[in-house]
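Here is how the chains run, residue by residue.
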Amino acid sequence: MKKAANINEFANNLIPENFLSTEDRNVYVPIYDNILESLRDMVINDQVEAQSFFVAGQPGTGKTTALNFFPDRNVETHYSIKYMNMRDFLDLSDVDIIDFLLAFAFALVQNTPLDKDYYKRLVEIQRKHKGEIEETAENESSKTKSAGVSGEVSLSGGFLNFIKLKAGFFSNLKLDRVYRQKTREIFKLKKPFLRDLINELLDKYNEKVAGGKQLLVIIDDLDKLKDAPQINSIFIDNRNYIFSLKCKKIISIPTYLSKAPEIVNYSSHYPIRQFVLRLSHNPFTEKPSDEEKKKIEANCRLLRDVIKCRIAPGILLIDDEALEEAIEKSAGIIRQLIRIIYVAAVNVRRLELKKISVNDVRESINLLRNQLAGTITSSNKIDLLNTILTKNIPVSETAGEFIELLQANNIVAYENGEPWYEVNPIIRNTVKVYAERQQKE
């Protein structure tokens, strides 16, 4: 990334949907190096073939960037590394374990000699499914005839041609909900076959593609899943399909799962670390310790660096007061900080001004507040948010609405001693106003 010399370049350096890659080392801030160093040690030295390591955190806290910079020379010496950005293959608002298994295998074999084997095996599984349907239909037809009922059970003739569609199948899987439902029906009872197929492909990958190295798969974006029942289905009900894949895996998961017994028990050797930068002290303690004050200031300093390192030396594109205001309202969520300043930079660019002022940042925050406020209008959500606003604890950490608010970053989870929760600072006043109005009605 070229460091910005003007407001237009600065805005482009802050587009929130762009993630830093290893080509952007000149603007990379190593925020989570301690976590990455611990992971590197265990990945290299733990002698478990199918080990899964989880990294947890809310969307936007910097996990994707950190994972992009996870491999160092030592890791690359021991492993062939495969990144799987699941946002490229899945609609993260609607995901099933079948979708995940299919996408995992596709990401593994894409652009390798193994892709033909994969599509052929999918056809075999599909034909078995079709044969079972035909057999069931024939039996049902016989029953209706013997019972004197006219008519026949009709079959849906359209089955997916994997060999013909290839990558187009996975494009449709991401884009089309009906396509996903049809695919899930085909593979509903074939999940063990899919798992076994993936493990066969993993063996072949190690032999033919990885050059004899072990395979390390980095599975990103699953922390951004939206639907609580689907999250639980994938990581709780069907977790063993993921655990039993025969390779080492680093998997990003939604933050609340770091407390789920099924995940905690599996990861008992490795306490799951949260990717988050806390900017306030634990409300359950009387006053912050000197150590905590230093940590909070260090976190603020890191967030300043995230922004300033994208600007060319000696160029002033944002006032200090504006940057501090944006950091205060960021909740320690890096993407939220970047989004606040990006929206301000776009407005400054439109007005043909030179730098971002504190008023520009406040206007940006107001725009983002209006956007977030539209997602919390139900009375249940307002009550839940007000409880967190006043008590810093939820009624239930497993309730669907709580998880939905957490995944949308309306609620922010922190850990330092006793875990606590805060309402996103952008909408704190909105929650207060809504709650007061609701209590008067």
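The preceding data block contains the structure.
Residues numbered from 1 in each chain as written. Predicted model: local features only at pLDDT ≥ 70, side-chain atom pairs only at ≥ 80, totals over all residues. Heavy atoms only, no water.

Asks: How do you make sense of the sheet that holds strand β2 (residues 79-85) when you look at a structure like this?
Replies: Backbone-to-backbone hydrogen bonds pair the strands of a sheet. The strands run either parallel or antiparallel. Ordered in space as β1-β4-β3-β2, the 4 strands form an open sheet in which the pairing is parallel. One side of each edge strand has no neighbouring strand; the edge strands of this open sheet are β1 (52-56) and β2. Strand after strand, the sheet turns through a mean of 15 degrees between neighbouring axes, direction not considered. Two elements, β2 and strand β3 (residues 214-220), share 7 bridges in a ladder whose sense is parallel. Across the sheet, residue Ser80 finds its bridge partner in β3, namely Leu215. Lying on the sheet, helix α5 (residues 97-109) is in contact with β2 and β3; it crosses β2 at an angle near 130 degrees. (Pairing = 2+ DSSP bridges. Helix = DSSP H or I, 4+ residues; strand = E, 2+ residues; numbered from the N terminus. Axes fitted to C-alpha atoms, helices over the stretch in contact; angles between N-to-C directions. Contact = heavy atoms within 4.5 Å.)

Asks: Help me understand the packing of aromatic side chains in this model?
Replies: Geometrically, a pair of aromatic rings is defined through the distance of the ring centres and the angle of the planes. Here the structure, examined in full by the defined rule, presents 14 aromatic pairs. Ring centres of Phe169 and Phe170 lie 4.7 Å apart, and the angle between their planes is 80 degrees; on these two criteria the pair is classed as edge-to-face. Each member of the pair, Phe169 as well as Phe170, carries the same accessibility label: buried. Between Phe243 and Tyr266 the ring centres are 4.0 Å apart and the planes differ by 10 degrees, which places this aromatic pair in the stacked class. Of this pair, Phe243 sits in helix α12 (residues 239-243) while Tyr266 sits in helix α13 (residues 261-266), and the two are 23 residues apart along the sequence. The class for Phe243 is buried, based on a relative accessible area of 11%. Aromatic ring contacts, followed pair by pair, group Phe89, Phe106, Tyr118, Tyr119, Phe169, Phe170 and Tyr179 into a single cluster. (Phe/Tyr/Trp six-rings, centres within 6.5 Å; stacked < 30°, edge-to-face > 60°. Buried < 20%, exposed > 50% of the residue type's maximum accessible area, 1.4 Å probe, protein only.)

Asks: Any chance you could explain the side chain of Lys63 here in plain terms?
Replies: You can see Lys63 is positioned in helix α3 (residues 63-68). For Lys63, a relative accessible area of 3% gives the class buried. Reaching out from Lys63, the side chain makes a polar contact with the backbone oxygen of Gln58 at a distance of 2.8 Å. Beyond its immediate chain neighbours, meaning those up to four positions away, Lys63 contacts Val55, Ala56, Gly57, Gln58, Asp223, Ser252 and Phe275. (Polar contact = N/O pair within 3.5 Å; in protein donor to acceptor, adjacent residues only side chain to side chain.)

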